[in-house]
Amino acid sequence: MKVLITGGCGFIGSHLAEKLLSIGHEVYVIDDLSTGSIDNIKHFRANSKFHLNIDTVTNKKLLSSIVDKVDLIYHLAAAVGVQLVVKHPVRTIETNVHGTEAVLEEALRGNKKVLIASTSEVYGKSKKIPYNENHNLLIGSPTFGRWGYACSKALDEFLAMAYWKEKKLPIVITRFFNTIGPRQTGQYGMVVPTFTKQALSGKPITVYGDGKQSRCFTYVGDVINAIIALMENDKAVGEIFNIGSTEEISIENLAKKIKQLANSSSKIVHIPYDQAYEHGFEDMRRRIPDISKLSRTLSEMGDFPKHGLDETLKLIIKIF
Ligand code: UDP
């Protein structure tokens, strides 16, 4: 099969490209390298079934010519990372909204099935744990940049749903929960690569706030397998799926765990949110997915995820 991955030089996109190539597919990538990097794809760049286009998905002519060649589209291109989102709110909203708009328009023209990668950020400040796909989204005030990101991704979801309902374009929406793994960079704020880098270099490990906030971290390989399986499953069309582990850990304990696994002598320090992000920054205290819908839909895949946090962290530290 031939597939297009937008954002194929990013962290998740490059793992997806590598996996699809390894099972014999032909992969076309569009990536403007705004947060992605050539480094992420260098080990398979020479593969004759890999076609790289360094450009934006809003280049209609290019997008259109590739959509005509492929059978499926994975739309992963987006502005990501809380640090980046807070620093560049205009770029964040415009990239996410205009990019998805362009991809859906072209997918419809070519009648190609498309996966829209969304995020657990859309649940916003909701305290109704675990998060279920049917829950209300509780997005905070436009005063804070973080919610602009959540809102832009929520709008992407609404638009994709509208294409499905009104025009019968086959779409699948996936909400990723703190995906981690090799090649992820801490440059845009992500906590695991940030702590790993700090621990391995003996620098202070920077826990924001009181560190009691918690997350569920999921191995990228498990996320990739789930999205490939969802795209092969007719029952997934027109549906939204949480994709994440349910193994919860506080950020304070994550810092201790990474320090210990990296055999590091780094100090663990606390930094107020205002200093780390922006004045008045709002963080969610807990974020846990309800993955019963994913498990039901992909019952033949067995347990999800296959990898626990400890083994994933060990792998990340080993090849960092
Ligand atoms: N965080 C932290 N130190 C860092 C980076 C992040 O304590 O150097 C915290 C952040 O405030 C959040 C959690 O770790 O509570 C996860 O942050 P990340 O940006 O990785 O993902 P988020 O869940 O916020 O989207």
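Above this text you will find the structure in question.
Numbering of residues starts from 1 in every chain and runs along the sequence as written. In keeping with the predicted nature of the model, local features appear solely for residues at pLDDT of at least 70, side-chain atom pairs appear and are counted solely at 80 or more, and the whole-chain, interface and lining totals rest on all residues. The basis for every side-chain value is the complete set of non-hydrogen atoms in the structure, without hydrogens or water.

**Student:** Just to check I follow, could you spell out the overall build of the protein for this structure?
**Tutor:** Each helix corresponds to a stretch of at least 4 residues labelled H or I by DSSP, and each strand to a stretch of at least 2 residues labelled E; elements are numbered beginning at the N terminus. Within the protein, the secondary structure is distributed over 11 helices and 13 strands. Radius of gyration here is computed from C-alpha atoms only, and the compact-globule reference equals 2.2 Å multiplied by the residue count raised to the power 0.38. Relative to a compact globule of 320 residues, whose C-alpha radius of gyration would be 20 Å, the protein shows 19 Å and is just as compact. With a 1.4 Å probe rolled over the protein chains alone, any residue whose accessible area is under 20% of its type maximum counts as buried; one over 50% counts as exposed, and the rest are partly exposed. In the protein, buried positions account for 56% of the 320 residues. Counting only contacts in the protein whose residues sit at least 6 apart along the sequence, the fraction spanning at least 24 positions is 81%. For the accessible areas, the method is Shrake-Rupley and the probe is 1.4 Å, while residue cover comes only from the protein chains on display. Accessible area for the protein stands at about 13900 Å²; split by element, carbon and sulfur atoms hold 52% of it. Should any heavy atoms of two residues lie within 4.5 Å, those residues are considered in contact.

**Student:** What exactly am I supposed to notice about unusual backbone geometry here?
**Tutor:** With the exception of glycine, the majority of residues adopt a negative phi angle, and the majority of peptide bonds are in the trans configuration. A cis amide bond links Ile-129 with the next residue in sequence, Pro-130, at an omega value of -5 degrees. Mapping Pro-130 onto the fold places it in the loop between strand E5 (113-119) and helix H5 (145-167). Cis peptide bonds are those with omega within 30 degrees of zero, and the linkage from Phe-304 to Pro-305 qualifies with -5 degrees. With respect to the element layout, Pro-305 can be found in the loop between helix H10 (292-297) and helix H11 (309-318). The phi torsion at Asn-178 lies on the positive side, around 40 degrees, for a residue other than glycine. Along the chain, the position of Asn-178 falls in the loop between strand E6 (171-176) and strand E7 (179-180).

**Student:** I would appreciate a short explanation of the site of the ligand in the present structure.
**Tutor:** Throughout, near means a residue has at least one heavy atom within 4 Å of the molecule or strand. Around the ligand sit 19 residues in total, of which Thr-206, Tyr-208, Arg-215, Asp-283 and Arg-287 are the nearest. Here a polar contact is taken to be a pair of N or O atoms separated by no more than 3.5 Å, where protein atoms must pair a possible hydrogen donor with a possible acceptor and residues adjacent in sequence count only if both atoms sit in side chains. Gly-189 places a polar main-chain atom, nitrogen or oxygen, 3.4 Å from an oxygen atom of the ligand. Backbone polar atom of Tyr-208 to an oxygen atom of the ligand: 2.7 Å apart, as the coordinates give it. Against a free-state accessible area of 510 Å², the protein chains account for coverage of 95% of the ligand. Taken together, the elements giving at least two residues each to the shell around the ligand come down to helix H6 (191-201) and strand E8 (205-208). Note that Gly is not counted as nonpolar here; it falls among the polar residues with everything else outside the nonpolar set of Ala, Val, Leu, Ile, Met, Phe, Trp, Tyr, Cys and Pro and the charged set of Asp, Glu, Lys and Arg. Among the residues making up the shell around the ligand, the classes are represented as 9 nonpolar, 5 polar and 5 charged.

**Student:** Honestly, the nonpolar core in this entry has me stumped. Any pointers?
**Tutor:** When a protein is soluble and globular, its nonpolar side chains tend to lie buried together. In plain words, nonpolar cores are sets of buried Ala, Val, Leu, Ile, Met, Phe, Trp, Tyr and Cys residues tied together by side-chain atoms within 4.5 Å. Judged by nonpolar contacts, the single largest core of 38 residues is most densely connected at Ile-5, Leu-16, Val-27, Tyr-74, Ile-243 and Leu-294. Taken together, the elements giving at least two residues each to this core come down to strand E1 (2-6), helix H1 (11-22), strand E2 (26-31), strand E4 (72-75), E5, E6, helix H7 (220-231) and strand E11 (239-243). Residues within four places of Leu-16 in sequence aside, it is in contact with Ile-5, Tyr-74, Leu-76, Ile-224, Ile-227 and Ile-228. In this structure, Tyr-28, Ile-73, Val-114 and Ile-240 belong to the second largest nonpolar core, which totals 23 residues.

**Student:** Any chance you could explain the pattern of salt bridges here in plain terms?
**Tutor:** A side chain with one charge may pair with a side chain of the opposite charge, provided their charged atoms come close. A pairing counts as a salt bridge when a side-chain nitrogen of Lys or Arg comes within 4 Å of a carboxyl oxygen of Asp or Glu. Scanning the entire structure with this criterion turns up 18 salt bridges. For Arg-146, the salt bridge goes to Glu-121, with nearest N and O atoms at 2.5 Å. One end of the pair, Arg-146, is in helix H5; the other, Glu-121, is in the loop between E5 and H5, with 25 residues separating them in the sequence. Across the pair Lys-212 and Glu-252 runs a salt bridge whose closest N-O atoms are separated by 3.0 Å. A residue pair is termed long-range when its members are at least 10 positions apart, and Lys-212 in the loop between E8 and strand E9 (214-216) and Glu-252 in helix H8 (residues 251-261) qualify at 40 residues. What makes Glu-252 buried here is its relative accessible area of 18%. When salt bridges with common partners are traced through the structure, they connect Lys-60, Asp-68, Glu-105, Glu-106 and Arg-109 into a single cluster.

**Student:** Please clarify how the packing of aromatic side chains should be interpreted in this entry.
**Tutor:** Two numbers describe a pair of aromatic rings. These are the distance of the centres and the angle of the planes. Classification of ring pairs uses Phe, Tyr and Trp, with its six-membered ring standing for Trp, and accepts pairs whose centres are within 6.5 Å; under 30 degrees between planes counts as stacked, over 60 as edge-to-face, and the remaining range as tilted. Per the counting criterion, the structure on display carries 7 aromatic pairs. Aromatic side chains Tyr-273 and Tyr-277 sit 6.4 Å apart centroid to centroid with 25 degrees between the ring planes, which places their arrangement in the stacked category. Like Tyr-273, the residue Tyr-277 is buried in the burial classification. Summarising the aromatic geometry, the rings of Tyr-277 and Phe-281 are spaced 3.9 Å apart at their centres and angled 15 degrees between planes, so their arrangement reads as stacked. Like Tyr-277, the residue Phe-281 is buried in the burial classification. These aromatic residues form a ring-pair network of at least three members: Tyr-208, Tyr-273, Tyr-277 and Phe-281. Definition used: whenever NZ (Lys) or CZ (Arg) falls within 6 Å of the ring centre and also within 35 degrees of the ring normal, the charge is taken to sit over that ring. The ring centre of Trp-164 lies 4.8 Å from the NZ or CZ of Lys-168, which sits over that ring. Arg-175 extends its terminal NZ or CZ atom over the ring of Tyr-123, reaching a point 4.8 Å from the ring centre.

**Student:** Help me understand the packing of H6 against H11 in this model?
**Tutor:** Helix-helix packing: each pair is described by the crossing angle between the helix axes and the interaxial distance. Axis angles are defined between N-to-C directions and span 0 to 180 degrees, where every axis is a line fitted to C-alpha atoms and, for a helix, only to the segment in contact. In contact at an axis separation of 10 Å, H6 and H11 are set at 55 degrees when each is read in the N-to-C sense. It follows that H6 is oblique to H11 by the angle criterion. Of the two elements, H6 crosses H11, and the hand of that crossing is right-handed. Only Leu-313, Ile-316 and Ile-317 of H11 make contact with H6, whose side of the interface consists of Val-192, Thr-196 and Leu-200. Classifying every residue of the contact of H6 with H11 by side-chain character gives 5 nonpolar, 1 polar and no charged. Our angle categories are set so that under 35 degrees counts as roughly parallel, over 145 as roughly antiparallel, 65 to 115 as roughly perpendicular, and the remainder as oblique. Crossings are classed by handedness, with left-handed meaning an anticlockwise turn of the near helix from the far one by less than a right angle and right-handed meaning a clockwise turn.

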